[in-house]
Amino acid sequence: MVTIRLGFGRLNFRLFKRSFLLLKLIAVLFAALLFCEFLIYYLVIFRCNWPELKTPAYDGEQETLEPVLKAMFLADTHLLGEVRGHWLDKLRREWQMERAFQTALWLLQPEVVFILGDIFDEGKWSSSQAWADDVERFQKIFRHPRHVQLKVVVGNHDIGFHYQMSKYRIKRFEKVFNPERLFSWKGINFVMVNSVALEGDGCNICSEAEAELIEISHKLNCSREELHSSQCGDGQPLPRSAPVLLQHFPLYRRSDANCTGEDAAPPDERDALFKERYDVLSREASQKLLWWLRPRLVLSGHTHSACEVLHGAGISEISVPSFSWRNRNNPSFIMGSMTSTEYALGKCYMPFESTVLITYCGTAGFLVVLILIHFGFLDSPFIFGCQLLRKFKTV
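For the structure given in this document, a descriptive report is provided here. (Residues numbered from 1 in each chain as written. Predicted model: local features only at pLDDT ≥ 70, side-chain atom pairs only at ≥ 80, totals over all residues. Heavy atoms only, no water.)

### Observations concerning the overall build of the chain
If you tally the helices and strands in the chain, you get 9 helices and 13 strands. Taking the intrachain contacts of the chain between residues at least 6 apart in sequence as the baseline, contacts between residues at least 24 apart amount to 74%. (Helix = DSSP H or I, 4+ residues; strand = E, 2+ residues; numbered from the N terminus. Contact = heavy atoms within 4.5 Å.)

### Here we look at the environment of leucine 273
Within the fold, leucine 273 resides in the loop between strand E8 (244-246) and helix H7 (283-293). Here the alpha-carbon distance between leucine 273 and serine 255, two residues 18 residues apart in the chain, equals 4.9 Å. If we skip the residues at most four places from it in the chain, leucine 273 touches Arg254 and Ser255.

### Examining the sheet that holds strand E6 (residues 182-185)
Reading across the sheet, the 6 strands line up as E6-E7-E8-E9-E11-E10 and stay open at both edges, with mixed pairing between neighbours. Two strands lie at the open edges of the sheet, namely E6 and strand E10 (307-311), each paired on one side alone. In this sheet, adjacent strand axes meet at a mean angle of 20° when their direction is disregarded. As paired strands, E8 and strand E9 (residues 297-300) are joined by 3 bridges and run parallel to one another. The residue of E9 that forms the bridge with leucine 245 is valine 298. Running over the sheet, helix H6 (residues 204-224) touches E6 and strand E7 (188-192) and is turned about 170° from E7. (Pairing = 2+ DSSP bridges. Axes fitted to C-alpha atoms, helices over the stretch in contact; angles between N-to-C directions.)

### Section: the sheet that holds strand E3 (residues 69-74)
Strands sit in the order E5-E4-E3-E12-E13 across an open sheet of 5 strands; the sheet is mixed. Only two strands of the sheet have a single partner each, and these edge strands are strand E5 (149-153) and strand E13 (343-349). Sheet twist, expressed as the mean angle between neighbouring strand axes with direction ignored, is 20°. Both E3 and strand E12 (residues 332-338) contribute to a ladder of 5 bridges, which runs antiparallel. Across the sheet, residue lysine 70 finds its bridge partner in E12, namely serine 337.

Here is the structure:
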C-alpha cells in the first residue's frame, strides 16, 4: 500500500511540474503578445505631443487668439491586394497600422487626419470585388469617431500612373472617399491635388485637373483682396489665408541629397537622381502649382522617406514617410498645430518593427531555456548560483 501511495504521489508531482511548466510558458507568451501587439503602441505614442505655436501677438491691450486646428498627416499605407499580398504579410502590417492609428486617435485626439495617397497597393489593377474587399479593410483599420474628419488624397497606386489611370478608376476612388479639392476649417484652406493628373500632356483628365486648380486659384485670389471684386461673384468667400497644399507626388527636386534625419532615405540612395513625372512632379507642373496657389506649406508622400525642402520664396515642403512597416522599419506621421496665419509641425514615431522582432526572439530564447531547465538539460540560475557560492566559500 505504501509503495502504491508513493507511486501515485510521484505521478501527481510530475503532473504538477508539467502543468506548472505549461502555465509558465503560457504566461511568458501572453506577456510578450500583450506587450508587442498592444502596450508598445501606447508606450511609444504617449511620448508624442502637439507642437506649440508661437506666442500670440498683442493687438493694442487685448490678446488676439486664433482657433488652433490639430491635424495629423500620414502617407503611403499601401494596403495589400489579392495579387501581391500574402495573408501573413497582410495580417502583420495591417494590424500594425490599425493599432498605431487607433492608439494615436485615442491618445492625441486630432480633429482631422489627412492621408497623402497610395492608400492601396493594387488599386491600379484590382477587380471590382478586390477593390470592395480592400475598401472594407481600409474602413476597419482607419475607423474613427464622427467628430474626427478623415481626408484622402489620391496616389499612383490607387488609380495608376498617368499611362494607367482612367476615368473609371478615378470615379471608383472618388465614390468611396469623395475627395474635396478645397477644404476649409477654422480659417485654414487646404488644397488637395490629384498630382497623378499633372502630366502636362493635355489629356482630358489632365485638362480637367488643371481647370479645377485654376478655379481654386481664382477663389484664393479673391479671398486675398481687400475690396471684393465684381469678378469674384457673390458666393461665400474663402478664409483670407494662404493655403496648405496636399498631394502625393513631391514637387520637383533633383534628389534626396539634402535630406537628413533618421527616417530620411538611406545614405546610398540619397544621391540617386529623381525622374520627373515618376518620382516627383515635373519642373513645369511644380512651378504652376506654386504660381497658381501660392501655398505657405506643402506636404507630400510617395518617396516613403522623410525630407524637408525649401521652394521659391521660402515655401517649405515636408515629405511624409510611409505609415507602414512594409516600407520602412521606423514609420511615423506628422502632427500639425495650425491657425490661419501660423503653423507648427512635429513628428511622431511609431514602434520600430525591429524592436518587436527582437522582443519576440528574446521571448522564444527564454522559453527554450525554461524547457531545458525543466527537463534537466540545463541548471536553473538559482542552483547554478548556489553552486558558485559553495565553491567560493570552499576556496
